[in-house]
Amino acid sequence: MAVQLETMTGTRRQALVAGLVLLSGLRPATAAAQEVIPRYTFLRGWGGTGTANGRFDGPCGVAVFANRVYVADAVNHRIQQFTRTGEFTRAWGTRGRRTGQFDQPCGVAVDQDGLVYVADTLNHRIQIFSESGQVLRTFGRQGSGDGQFAEPWGVTIGRNGRIYVSDTGNHRVQEFNRNGRFRASWGRRGSASGLFNGPRGIVADGQGRIAVADSVNNRVQVFRANGTFLRMWGQPGTANGALQDPRDLAVGSDGRVLVTDTGNGRVQVFARGGQYLTQLTARDVAPAGFAPLGITVDAADRVYITDSDNNRLEVFTTTLA
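Let me sum up the structure you'll find in this document. As the structure is a prediction and not an experimental result, all values here were calculated from the model.

**Regarding the overall build of the chain**
Across its full length, the chain holds 2 helices and 24 strands. Buried positions account for 54% of the 321 residues belonging to the chain. In the chain, 45% of the contacts between residues at least 6 apart in sequence involve partners at least 24 apart. Surface summary for the chain: the accessible area is close to 14000 Å², and the carbon and sulfur share equals 45%.

**Re the sheet that holds strand E24 (residues 312–320)**
Pairing is antiparallel across the open sheet formed by 4 strands, whose spatial order is E1-E24-E23-E22. The open sheet has two edge strands with one neighbour each: strand E1 (38–47) and strand E22 (292–297). The sheet shows a mean angle of 25 degrees between the axes of neighbouring strands, taken without regard to direction. For E22 and strand E23 (residues 303–307), the ladder comprises 4 bridges, and the chain directions are antiparallel. From the neighbouring strand, Val297 faces E23, where its bridge partner is Val303.

**Describing the pattern of salt bridges**
Counted under the stated rule, the structure contains 17 salt bridges. The shortest N-O distance in the salt bridge between Asp254 and Arg256 comes to 2.4 Å. On the basis of relative accessible area, Asp254 is assigned to the partly exposed category, the value being 30%. The shortest N-O distance in the salt bridge between Arg312 and Glu314 comes to 3.0 Å. The pair Arg312 / Glu314 is uniform in exposure class, with both members buried. Through salt bridges with shared partners, one network takes in Arg84, Asp298 and Arg302.

Rules and cut-offs
Residues numbered from 1 in each chain as written. Predicted model: local features only at pLDDT ≥ 70, side-chain atom pairs only at ≥ 80, totals over all residues. Heavy atoms only, no water. Helix = DSSP H or I, 4+ residues; strand = E, 2+ residues; numbered from the N terminus. Buried < 20%, exposed > 50% of the residue type's maximum accessible area, 1.4 Å probe, protein only. Contact = heavy atoms within 4.5 Å. Areas by Shrake-Rupley, 256 points an atom, 1.4 Å probe, with all protein chains shown as cover. Pairing = 2+ DSSP bridges. Axes fitted to C-alpha atoms, helices over the stretch in contact; angles between N-to-C directions. Salt bridge = Lys/Arg side-chain N within 4 Å of Asp/Glu carboxyl O.

What follows is the structure in C-alpha cells.
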C-alpha cells in the first residue's frame, strides 16, 4: 500500500508513521535508541582438545542449572557436567545406539526439576536423564512422521514442561508433553515466514515465546508457544545484523537475544524485536580465538559459549550500562 506521507501534516502524519512502523515489526527510531547496550567481559574458560575428563572434541550445546553446567561433547559422544567455575564433576555416555548411549549429541537443556534433556542427533531421538546421568526415558526414532526425527539438533523446555525440538532434517519444530508424547509440529522446508531450512538452536523465553536459529536461511524466527509466527530478522552477510549459518541462540533476562553467528565467527546481540545491539568477536576472548557454536545464559546473565574449533567453553559476564 503506497501512502503519500508528504501530503499529511501534524498529528495525523505522526500517528500514521508510528502505525506503519509497528505493522512492519520494527520499533520507532526513538524507541530503538533507548535500548540498553549490554557489555560483555571475558570471565573464564576451560577445556582443550582430548578425550579425558574436562576436555572436549566438538562441544556443541550447553545448559546451566543452579551450580551445574552441562556440555554436549558431541564427537566424544557424551555429556559432561561441571561447576560454574569449571570444575569437572561427572560425565556419561559412549558411542552407540543403546539407551543411555549417544551418536554426536548436539542439544542439551535442563528443566526446573534439574532433569537433563539431550538431542541425541544421529540416533534421531531425545533422551532424558537425572542430574547424575541416570537415563529416565527416551522418545523418537528416525522418520518424518509425528514424533519422529531427522537429526534433531536443539531442545528446549517451555511452559508447563512442554518440550520443543528443532527437527533439523525435517525442517520443522515439534512439541511434546513432559512425558514425550507428541502434541504438535509446525514448519516445512522453505524461505517464507514460518518455514525453515535446517533449523538448529531453539530456546523458550520467559514469556513462552519460542525462538529458532533458522540456520540455512540465515535468520532468527520467533513464534508463540502454539507455533504462531511472530517475527523474524537476519539476512546473509557479514554486516552488523546479518548472519551466516547461525547455529544457536539464548535469551537474556531483559529479553535480548544472543545468536551464535557461527559462519562469521562471532556472537551477535539483538533487542527482543530484532534490532542489532552489539557483538562478541575473537578480540573479546582470551586466551584463544573464537568459533562460537552453542550458547546459554544463566540467571545472573553470565553467558556460556562452546568454542568448537578450540574445544573450550568460554564464560562472559554481562554489564548493563
